Amino acid sequence: MNDNPESIKRQLINALERKAIKFGFEDSSRYDDLKKKAGAADYIWSVICDLSLDCNTLMIKNFIGYYGDKNDGQGVQETLQLLRDKVSDLSEKNQQLDIESKQQSTEIDNLLTIKDKQRKQLKENEEVIAKQAKEIEELRAAQSFLKKRIENLFSQNSYLRNRKSYTSEVINYENEKQVFAVLKNNAKACGLNFNSDDLINFYTSVKSSRLTIIEGISGTGKSKLVDLYGRTLGLDDNGHMLIVPVSPGWTDDTDILGYLDNSSMQYKESSIGLVSFLVEASKHPDKPFLVCFDEMNLAKVEYYFAQFISILENDVNNRILRIYNPKEEINVTNAAEYPAEIRLGENIIFCGTINVDESTYRLSDKVLDRANLIKLQDCDFSVYDDEKPVFIVVDVTLVDKPKSQGLTDDELSLLDELNEKLKNVNPRFCFAHRVVNQISRYLDAIPENDIDYTREKALDKLIVQKILPKVRGTEEQVRDLIGYIEDDNYVSGIIDKYLNDGKVEYPVTRKALKEKAKELRNYGYIG
């Protein structure tokens, strides 16, 4: 119902007219009779009840201030006045409510605005918190990386910190005398018929040489010898031995090391696992680790092994393998597992096996100068024994020993004169300080044991392993040096005449020269 006063007034008039018709009084002159019959107050009340059928009667009476004891015109006027007053009052209250409603609406709008600002601020705070949480995680990751890096560096240098300086240039075992005896025992236990001199030669070479390479025809046991050495020291049981089959497709050191993926900033290690092996070796500098490249010359050694060839010539305390730029290390996600630089300690033994045939590459002078090339001797098949001893594993620990006095005056004099004779024939055949130092280290590494392996016998082998491999070429280039074959007899050349002209004989060198002379007769060239 519309609460406008004029509308209420109009409705009241209409209602009164309807009531007049109902009671049979169609003109206003009979109004008094209507009041007398029905009572003015009751009449008004009837009209109001018609207008408010949904209201409680008592409530309406109370609302308009109904006077039940007044039935005259005055009562009607008072009741109407009361009604007008109520309508006016309600109108004022309605206006006041409109004002208050608008105020509340304004306040609600203000509150909504404040709420939106608070919601926006809350979202910004959440973004800030998320960003800070991410930064915290990054800092924790960086902290974890630095912690692991420090642990790696600590492990790599612990052996150096525990001693004043590393004086020896060869590997020394704590229980030296026992190790070689067990190696010979285990060769028999495995049914391997190695020449005793080959065993002691290999054993001494891996202790002194940065790289030991075993040469021989297929089936002579080159890989078996390396495996025997590693198993004797128990290296295969604790992951300290790695045999790497060389692939003909290797062209650089990424084939054996891996590479840094700049898109993901992750170091991708090669499938052979060499980097992980070297990292582990750096953490245990007092324990030996053995790496063997099987069929080493199926690919060019100078290509895939180039970085190692250079590094292994450095001082034992300064051999650092770099697998990627150290400036990138802080950004590399797996740098804790793959640090940019790895120290190659004296505990890492590098070996290789090679075949000499049409499927392989010839070793260059660069490799020969840095490696000790061992050629296994022919074995006697009649010495095989069905009774095999028990295989024994020796737990070894590396120790430091004072450096020996080096080469004697007689040994230095022999090498000087031999080098001069090589230089006179062809300067390419002569050797430098590197070879002399390697010979000195080898002689220093001969085990102190009750074995028939003197310095003279060792020097005889070293001439074959370190000096003769570089003597190669056509008959015109090498005949005078190595000698020749005439009527199936060997005629000595400059080298043999010089070495076997004194009190000391060099039978191993003479045998090697004789074989080279036969090769020269058969092919006209020594490779």
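Everything in this summary refers to the structure shown in the same document. These numbers were taken from a predicted model, which means no experiment stands behind them. (Residues numbered from 1 in each chain as written. Predicted model: local features only at pLDDT ≥ 70, side-chain atom pairs only at ≥ 80, totals over all residues. Heavy atoms only, no water.)

Pairing between side chains becomes possible if they bear opposite charge and their charged atoms approach one another. Under the definition given, this model contains 13 salt bridges. Arginine 119 serves as the salt-bridge partner of aspartate 116, at 3.0 Å between the closest nitrogen and oxygen. With aspartate 116 and arginine 119 both in helix H5 (residues 73-161) and three residues apart, the pair spans about one turn of that helix. Its relative accessible area of 44% is what places aspartate 116 among the partly exposed residues. On the basis of relative accessible area, arginine 119 is assigned to the partly exposed category, the value being 45%. Its salt-bridge partner being aspartate 227, residue arginine 231 comes within 3.8 Å of it at the nearest N-O pair. Placement of the pair is arginine 231 and aspartate 227 together in helix H8 (residues 222-232), with a separation of four residues, close to one helical turn. With a relative accessible area of 28%, arginine 231 lands in the partly exposed category. (Salt bridge = Lys/Arg side-chain N within 4 Å of Asp/Glu carboxyl O. Helix = DSSP H or I, 4+ residues; strand = E, 2+ residues; numbered from the N terminus. Buried < 20%, exposed > 50% of the residue type's maximum accessible area, 1.4 Å probe, protein only.)

As for its placement among the helices and strands, asparagine 201 is situated in helix H7 (residues 196-208). Side chain to side chain, asparagine 201 and tyrosine 442 meet in a polar contact 2.5 Å long. In this structure the side chain of asparagine 201 is engaged in a polar contact, spanning 2.4 Å, whose partner is the side chain of glutamine 465. (Polar contact = N/O pair within 3.5 Å; in protein donor to acceptor, adjacent residues only side chain to side chain.)

A separate point is a nonpolar patch on the surface. A cluster of nonpolar residues, Leu146, Ile150 and Ile330, forms a patch on the protein surface that exposes about 310 Å² of accessible area. Summarising the element assignment, isoleucine 330 is placed in the loop between strand E6 (320-322) and strand E7 (341-343). (Patch = residues over 30% accessible without salt bridge, like charges linked within 9 Å, V, L, I, M, F, W, Y side chains within 5 Å. Areas by Shrake-Rupley, 256 points an atom, 1.4 Å probe, with all protein chains shown as cover.)

The strand order E2-E5-E8-E1-E9 describes an open sheet built from five strands, whose pairing is parallel. Whereas interior strands pair on both sides, the edge strands pair on one side only; in this sheet they are strand E2 (241-245) and strand E9 (372-375). Strand-to-strand twist in this sheet, taken as the mean axis angle between neighbours without regard to direction, amounts to 20 degrees. On top of the sheet, H7 reaches strand E1 (212-215), strand E8 (348-354) and E9; it is set at about 165 degrees to E9, its chief contact. (Pairing = 2+ DSSP bridges. Axes fitted to C-alpha atoms, helices over the stretch in contact; angles between N-to-C directions. Contact = heavy atoms within 4.5 Å.)

Estimates place the volume of the largest pocket at around 1400 Å³. For the lining of the largest pocket, the secondary structure elements donating two or more residues are H7, E9, helix H15 (455-467), helix H18 (507-523) and strand E13 (525-526). In terms of residues, the lining of the largest pocket owes the most to one element, H18, which gives eight residues. Taken together, the residues that form the lining of the largest pocket break down as 17 nonpolar, eleven polar and twelve charged. (1 Å grid on protein atoms, 1.4 Å probe; cavity = no way out; pocket = protein on both sides within 12 Å on 5 of 7 lines; lining within 4 Å. Points joined across faces, edges and corners; volume = space filled by probe spheres on them. Nonpolar A, V, L, I, M, F, W, Y, C, P; charged D, E, K, R; others polar.)

Within the structure shown, the criterion is met by 13 aromatic pairs. Plain terms: the ring middles of tyrosine 304 and phenylalanine 305 are 6.4 Å apart, the flat faces sit at 65 degrees to each other, and that makes the pair edge-to-face. By the burial criterion, tyrosine 304 is buried, and phenylalanine 305 matches it. Measuring from centroid to centroid gives 6.1 Å for phenylalanine 305 and phenylalanine 350, while their planes differ by 70 degrees, and the two rings are edge-to-face. Note that phenylalanine 305 is positioned in the loop between helix H10 (301-304) and helix H11 (306-311) and phenylalanine 350 in strand E8, a separation of 45 residues in sequence. Of the residues examined, phenylalanine 350 reaches a relative accessible area of 2% and is grouped as buried. (Phe/Tyr/Trp six-rings, centres within 6.5 Å; stacked < 30°, edge-to-face > 60°.)

Turning our eyes to something else, we now look at empty space enclosed by the protein. In this structure the tally under the stated criterion is three cavities of 30 Å³ or more. Its boundaries defined by the atoms lining it, the second largest cavity holds a volume of some 50 Å³. Class assignment for the residues of the lining of the second largest cavity results in five nonpolar, no polar and three charged.

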